[in-house]
Structures are given as structure tokens and as C-alpha cells.
Amino acid sequence: MAERSKIAIVTGAGTGVGKAIAAGLLKAGYSVVMAGRRQEALEAAAREIAEEGASTLLVPTDVTDPASVAALFGATKQAFGRLDLLVNNAGMGSPAVPFEDIPFEQWQRVVDTNLTGTFLCAQEAFRIMKDQNPRGGRIINNGSVSAYAPRPLSAPYTATKHAVLGLTKSTSLDGRAYDIACGQIDIGNAATDMTARMTEGVLQPNGTLAPEPRIDPKHVADAVVYMAGLPLDANVLTMTVMATKMPFVGRG
């Protein structure tokens, strides 16, 4: 890194891809604010990925709650004085059930977490980044290959990830005036608890079940570190990091 440590917030940092991204940023010299719903998960993750001399701040956060999100960014500004990077990683899926049987409550939870949570965090990041000196920063949203092609029986998740892509583009456009860059990392089957079922077989568009390959989340983290390390006059708008042999290209 440069002369001073840059400051990053990673949501959903207690497990999976978020923990891997936080680890990658710590190795790259960032001070990392780790946000997640469960304090104990954040503490366990922080112990696991600790880097000598690196700085972490753990802030339990519900990204669906505007007050909780505001508290996260307030704590970051109070501790570090600025924000250089937001990684909007927090997200959730939904059970694979027929479209007509999706409970409204399940739809709402996925929308609140994946879309509204991303919006709320990006909005708070804007408020800090546009007024700090040096001005600006970067936002990286966790999209998905489902932002481009659905899986069967995945309407809530697919709809929100398509929406996140639109939000990424709008944020990228609206951030230009303030030197705020925004991009999206689209992941195909990172090996986390969320994708464990894929090794045994998941429903394909032709109605069959088939196992799908997965990749080490470190590859995702490496991609995010690359995106984050660009100067603010350069931006990766979208990047897809996927298992080479997963059935994404041609899906559907």
C-alpha cells in the first residue's frame, strides 16, 4: 500500500466470501472494518485472518436496518476518519420452491438483504466519500452470475442480483462527480457453506440434477484486491470469477 493504510468496510465479513475478501484486503495493507450480523462469527473470523500489524474493527450490523447501517459507517468514520473502499458482500439466497409457492416473507427478506442493504450501505459510503479529503473512494458490489442468467426456482435471488447490477451502474454514474468508482464482482460457485449442496447435485434448466465445480474463495478475494487497487480514474465495472467448468455459459 501507499504511505498510509487505506480503510475498507466489508459486509458479511464473518464467513465465506466476505471473510476471504477481508483477509485479502488485510494482506494488501488495508485497515478493515468487518461487518456482519453475529458478533461471535466476526470475532472468530478476525482471529483466523489476523495479520501482524494490521488493524480491524468489528461492527455487528444488520444491513436491512437503516439505523444499523448508519451506525456502522459512523463507527468507521470515528475510528479512522475516512473510508476508501466499501465491499457490499452481505447477501442471502432462498429455498428452491415453485415460483407460485414463494412466501412473500421470503421474497421480502431476500430483497431487503441483497438489494436494499446494498443500497443503504452505498448511500452511507457516498456521504463520507464525497466530503472527505482526499475526496472519493470505491464501492464494489457482490453480484452473481445470476445477475445475467437464472437458476431454476430462484426468482427472489435472481431478481435482486439483476437489480444489484442496475444499482452498480447507477452508482458508477452518479459517483463520477465525486470521484467515487463503483464496480461489481460476479461470482460463479465459490466454495462456501452457501454452495456446499452443489457438490452433490443441483437442479439444472433441463430438469436434471448435476454436481457443479466450485472455486476457492481466495480467487474472488484476489480479484477484489485487484479492483480495489486501481487508481480512481480507472474502474472494473463488472468482473466474473467462476469455476471454469460450471454450467453458466449457455445456461437456460
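Before going into details, it helps to say that this report is about the structure given with it. (Residues numbered from 1 in each chain as written. Predicted model: local features only at pLDDT ≥ 70, side-chain atom pairs only at ≥ 80, totals over all residues. Heavy atoms only, no water.)

Considerations on the nonpolar core
Counting 38 residues, the largest nonpolar core has Ile21, Leu25, Val32, Met34, Leu85, Ile185 and Val220 as the members making the most contacts within it. At the level of secondary structure, the elements contributing two or more residues to this core comprise strand E1 (7-11), helix H1 (16-27), strand E2 (31-36), helix H2 (39-49), strand E4 (85-88), strand E6 (180-188) and helix H6 (217-229). Take this core: its biggest share by element is seven residues, from H1. Leu86, Ala90, Ala125 and Cys182 belong to the second-largest nonpolar core, a separate cluster that totals 21 residues. (Core = buried A, V, L, I, M, F, W, Y, C linked by side-chain atoms within 4.5 Å. Buried < 20%, exposed > 50% of the residue type's maximum accessible area, 1.4 Å probe, protein only. Helix = DSSP H or I, 4+ residues; strand = E, 2+ residues; numbered from the N terminus.)

A few points about the sheet that holds strand E3 (residues 56-60)
One open sheet accounts for seven strands, arranged E3-E2-E1-E4-E5-E6-E9; its pairing is parallel. Pairing within the sheet leaves two strands with one partner each, and these edge strands are E3 and strand E9 (238-242). With strand direction ignored, the average angle separating the axes of adjacent strands in the sheet is 15°. Here E1 runs beside E4; their pairing, made up of three bridges, is parallel. Each bridged residue has a counterpart across the sheet, and for isoleucine 9 the counterpart in E4 is leucine 86. Along the sheet, H2 makes contact with E2 and E3, crossing E3 at roughly 165°. Of the strands in this sheet, E1, E4, strand E5 (137-142) and E6 are in contact with helix H4 (residues 104-129), which crosses E4 at around 175°. (Pairing = 2+ DSSP bridges. Axes fitted to C-alpha atoms, helices over the stretch in contact; angles between N-to-C directions. Contact = heavy atoms within 4.5 Å.)

Focus on unusual backbone geometry
Keep in mind that most residues, glycine aside, have a negative phi and that most peptide bonds are trans. Across the junction of asparagine 133 and proline 134, the peptide omega takes the value 0°, indicating a cis bond. Tracing the chain through its elements places proline 134 in the loop between H4 and E5. One non-glycine residue, leucine 153, lies in the positive phi region at around 60°. If you trace the backbone, leucine 153 turns up in the loop between E5 and helix H5 (155-175). On the accessibility criterion, leucine 153 (36% relative accessible area) is partly exposed. Despite not being glycine, asparagine 189 shows a phi value in the positive range, around 70°.

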